[in-house]
Amino acid sequence: MGLTNQLLGIQGSPFLKHTHTNPQHRNRGNVTHIMPVAVCQFSGTRAAIMTRVYGKFCSRHNEAVNIYKEMHSKDKRFQAFIRKMSSSIVRRLGIPECILLVTQRITKYPVLMQRILHHTKENEEDHEDLSDALYQVKEVITAVDSKVNEHQKKRRLKDIYSRTDSKSIMRMKSGQMFAREDLLRGRRLLYDGPLQLKTSQGKLKDVTAMLLSDIVVFLQEKDQKFVFASLVGDWLRPEICKYLFGTLLSY
C-alpha cells in the first residue's frame, strides 16, 4: 500500500469503523462518547502505524518539495497538469502547500484534545479518556519528531561524507587508519557543528566537529572539501562525548 493510501487510512478508518460497528456509541447518528475512539487511535498498534507513516512522510518533506520544484521547472507536461488541477478542488493550493498541510495535521490533534478537555468537567465520563488521549498523541508526536531527526542526521552524515576529500586519511592513536569510508561504516551522527580547535602550536583553527556513535571527528575545510583535522577515539564513552560536545556548542 502506498504512503498516501496509508495516510488516508489513518485519517478516516478508525473513527468511522468504530462509530459504524459499535451501536452503544451511536445515538441518531451522533457519537456520544468519542474519547474511547481517540484513545484507541493514539495508542497500541494504531499509534505505531501513525509513528511509522508520519515519520516517513515528514522526514521526506523537503525532498518531496525539491523533487516537485525540479519536475515543475523541466517537465512541460507536468506543468500543464498542475495548471489543470489548480482549481477550487484543491482551494488553489500548490503541491508544496498540500504536503505541508499533511505534515502539520498531526500537530493539530493535541490542540483539539486540549480544547475539548478545557470544556469537559473532571467528573464527566470522557475526562479521563480525554487526558489519556492527549498524553498518547503527544507521545506519538515525540516519536515522529525522533524519526524525522534520525533521518536528518543520516542525510547530514551523507552530505558531509560527499564533501570529504576521498584521499583524506588519518592515523588514530591506536595506530588504526581512519579514511572517508569509515564515516559511514556502521556509525551514526549524533551532533555536529562549528568549533575552534587549538593546534599543538597553540593556534586556533576553525573546524567542523562531528560526534559519531563511537568517535569524535574534526574536519577542516580546504578547497571546498573537508579533510580530517583530528580524531578522538572510542576511549570516550558516548555519554561523556555528548556532554562535552553540548557544552562546547553552547559557547
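A brief structural summary. (Residues numbered from 1 in each chain as written. Predicted model: local features only at pLDDT ≥ 70, side-chain atom pairs only at ≥ 80, totals over all residues. Heavy atoms only, no water.)

Looking at the overall build of the protein
Basically, it comes down to this: Each helix is a run of DSSP H or I of at least 4 residues and each strand a run of E of at least 2, with the numbering of both proceeding from the N terminus. Think of it in three bands: residues with accessible area under 20% of the maximum for their type are buried, residues over 50% are exposed, and the middle band is partly exposed, with areas taken using a 1.4 Å probe on protein chains only. Between two residues, a contact is recorded if the distance between any of their heavy atoms is within 4.5 Å. In these tables, accessible area is a Shrake-Rupley quantity obtained with a 1.4 Å probe, and a residue counts as shielded only by the protein chains included in the view.
For the protein, the helix and strand inventory stands at 8 helices and 8 strands. Scored against the burial criterion, the 251 residues of the protein give a buried share of 34%. Sequence separation of at least 24 residues holds for 56% of the intrachain contacts in the protein that already meet a minimum separation of 6. Carbon and sulfur atoms form 52% of the exposed surface of the protein, whose accessible area is close to 17000 Å².

Here's the deal with the packing of aromatic side chains
Put simply, the test is: Planes of paired rings set the category: under 30 degrees apart is stacked, over 60 is edge-to-face and the rest tilted, where pairs are Phe, Tyr or Trp rings (Trp by its six-membered ring) whose centres lie within 6.5 Å. Any Lys NZ or Arg CZ found within 6 Å of a ring centre and within 35 degrees of that ring's normal is scored as a charge over the ring.
Under the defined criterion, the tally for this structure stands at 3 aromatic pairs. Consider the rings of Phe178 and Phe228, whose centres lie 5.4 Å apart with planes at 75°: the pair is edge-to-face. A residue pair is termed long-range when its members are at least 10 positions apart, and Phe178 in strand β4 (residues 177–179) and Phe228 in strand β8 (residues 225–232) qualify at 50 residues. Comparing Phe178 with Phe228, the two get one shared label, buried. Sitting above the plane of the Phe226 ring, Arg163 keeps its charged end 4.4 Å from the centroid.

Brief notes about the environment of Met35
Residue position: Met35 is located in helix α2 (residues 35–41). The residues contacting Met35, other than those within four sequence positions of it, are Met113, Ile116, Asp126, Asp129 and Leu130.

Looking at unusual backbone geometry
You will see that Asp223, though not glycine, has its phi angle at about 55°, which is positive. The class for Asp223 is exposed, based on a relative accessible area of 70%.

Considering the side chain of Arg180
Stated formally: His is not counted, nor are the chain ends; Lys and Arg add positive charge and Asp and Glu add negative charge. Should a side-chain nitrogen of Lys or Arg be within 4 Å of a carboxyl oxygen of Asp or Glu, the pair is scored as a salt bridge. Polar contacts here mean pairs of N or O atoms no more than 3.5 Å apart (in protein, one a potential hydrogen donor and the other a potential acceptor; neighbouring residues in sequence count only if both atoms are side-chain atoms).
Along the polypeptide, Arg180 turns up in the loop between β4 and β5 (189–198). For the buried Arg180, no salt bridge is present, and the opposite-charge side chain at shortest range is Glu181, 4.1 Å distant. Among the polar contacts made by the side chain of Arg180, one reaches the main-chain carbonyl oxygen of Thr164 at a distance of 3.3 Å. Residues contacting Arg180, with those up to four places away along its chain left out, are Tyr161, Ser162, Thr164, Asp165, Ser166, Ser168 and Phe228.

Overview of the side chain of Thr208
Examined against the element boundaries, Thr208 turns out to sit in strand β6 (residues 204–212). Of the residues examined, Thr208 reaches a relative accessible area of 16% and is grouped as buried. Each residue touching Thr208, except ones within four places of it in the same chain, is listed here: Arg156, Gly193, Val217, Phe218, Leu219 and Phe226.

Some details on the packing of helix α6 (residues 95–118) against helix α7 (residues 126–163)
To be explicit about the condition: Here, axes are lines fitted to C-alpha atoms. For helices the fit covers the stretch in contact, and angles between N-to-C directions go from 0 to 180 degrees. Put simply, angles under 35 degrees are roughly parallel, angles over 145 are roughly antiparallel, angles from 65 to 115 are roughly perpendicular, and the rest are oblique. Crossing chirality is assigned from the near helix's rotation relative to the far helix, an anticlockwise turn below a right angle marking it left-handed and a clockwise turn marking it right-handed. For this classification, the nonpolar set comprises Ala, Val, Leu, Ile, Met, Phe, Trp, Tyr, Cys and Pro, the charged set comprises Asp, Glu, Lys and Arg, and every other residue, Gly included, is treated as polar.
Where α6 contacts α7, the two axes come as close as 9 Å, and the packing angle between them is 160°. One way to sum up the angle between α6 and α7 is to call them roughly antiparallel. When you trace α6 past α7, the crossing you get is left-handed. For the pair α6 and α7, the contacting residues are Ile106, Thr107, Tyr109, Pro110, Met113, Gln114, Ile116 and Leu117 in the first and His127, Leu130, Ser131, Ala133, Leu134, Val137, Lys138, Val140, Ile141 and Val144 in the second. Split by residue class, the contact of α6 with α7 holds 13 nonpolar, 4 polar and 1 charged.

What about the pattern of salt bridges?
Within the structure shown, the criterion is met by 6 salt bridges. With a closest N to O distance of 3.8 Å, Lys154 and Glu150 form a salt bridge. You can see Lys154 and its partner Glu150 sitting in helix α7, 4 residues apart, about one turn around the helix. For Glu150, a relative accessible area of 42% corresponds to the partly exposed category. With its nearest N and O atoms 2.9 Å apart, the salt bridge here joins Arg163 to Glu221.

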